[in-house]
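Letter by letter, the chains look like this.
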Amino acid sequence: MHRPVPLSQPLRQPVAPRAELAPLLTPSLMTVVTGARRRALRDGDRQIDTAHLLHALLESDPEAGAAFEGDHQLARVLGYLVQRSIGYGLRWQRSVEDSGTGRLLPAVRGAELPDPRASGWSPAASAALEEAFRRAAERGEAQARGLDLLAVIAADPGSRGAEVLRRAGVDTDALAVRIGER
């Protein structure tokens, strides 16, 4: 009889963003974060990672979708993301996306935040949100937008989101340039 291999750690429920983050996200980006949380739960993943954020972003933010070279490129990225939820990402299950290790959610917010792994966020996803907030602040805006998050995901070569983009044939450097021009 085949028995499942026990996990060294129990699966954690990914959590919604902390309440103090809500004012820092546009309504569409809050929708993205909520969608990424649902996707991680549905996929049985321990943490929300950058691929979950990318998938939710492209499904709900038309401005982010318009940053691609055309509908064909966007469709290809979405195709890879769907494959991830039905098997492509199985190698990622029960592992931690840690390209953002050492970076926590916004220190500028003044709150002492727990380890992102314990919070249901991968270190890379936490770092991506932090960097999106920083980009918005540099523009003088109080809230991060979907394009901020897309630019950060594309710029982190070690993130799962960037890996999906590259596998779908997206030049992540060119994508970052297009986003910067917007």
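Thresholds, definitions, all that
Residues numbered from 1 in each chain as written. Predicted model: local features only at pLDDT ≥ 70, side-chain atom pairs only at ≥ 80, totals over all residues. Heavy atoms only, no water. Core = buried A, V, L, I, M, F, W, Y, C linked by side-chain atoms within 4.5 Å. Buried < 20%, exposed > 50% of the residue type's maximum accessible area, 1.4 Å probe, protein only. Helix = DSSP H or I, 4+ residues; strand = E, 2+ residues; numbered from the N terminus. Contact = heavy atoms within 4.5 Å. Axes fitted to C-alpha atoms, helices over the stretch in contact; angles between N-to-C directions. Parallel < 35°, antiparallel > 145°, perpendicular 65-115°, else oblique. Left-handed = near helix turned anticlockwise from the far one by under 90°. Nonpolar A, V, L, I, M, F, W, Y, C, P; charged D, E, K, R; others polar. Salt bridge = Lys/Arg side-chain N within 4 Å of Asp/Glu carboxyl O.

Caption draft 1: Region of the structure containing the nonpolar core. Counting residues in hydrophobic clusters, the biggest one holds 42 residues, and the most contacted among them are Leu 53, Leu 54, Phe 68, Val 77, Leu 149, Leu 150 and Leu 175. A per-element tally of this core places helix 7 (residues 146-155) first, with 7 residues. Not counting the four nearest positions on each side in its chain, Leu 175 is found in contact with Ala 67, Phe 68, Leu 150, Ala 154, Leu 165 and Val 170.

Caption draft 2: Representation of the environment of Ser 159 in the model. For Ser 159, the location among the structural elements is in the loop between helix 7 and helix 8 (160-167). Between the alpha carbons of Ser 159 and Asp 49 there is a distance of 8.4 Å; along the sequence they are 110 residues apart.

Caption draft 3: Inspection of the packing of helix 2 (residues 50-60) against helix 7 at higher detail. For the pair helix 2 and helix 7, the least separation of the axes is 11 Å and the interaxial angle reads 140°. Here helix 7 runs oblique to helix 2, going by the angle between their axes. As helix 2 packs across helix 7, the resulting crossing turns out to be left-handed. Residues Thr 50, Leu 53, Leu 54 and Leu 57 of helix 2 touch helix 7, and the partners they reach there are Gly 146, Leu 149, Leu 150 and Ile 153. Tallied by class, residues from the contact of helix 2 with helix 7 come to 6 nonpolar, 2 polar and no charged.

Caption draft 4: Summary view of the pattern of salt bridges. Under the defined criterion, the tally for this structure stands at 9 salt bridges. A salt bridge links Arg 134 to Glu 138; the nearest nitrogen and oxygen atoms lie 1.9 Å apart. Residue Arg 134 and its partner Glu 138 are located together in helix 6 (residues 123-138), separated by 4 residues, close to a single helical turn. Classification of Arg 134 as partly exposed rests on a relative accessible area of 36%. Residue Arg 139 is joined to Asp 148 by a salt bridge in which the shortest nitrogen-to-oxygen separation is 2.5 Å. The class of Asp 148 is buried, set by a relative accessible area of 1%.

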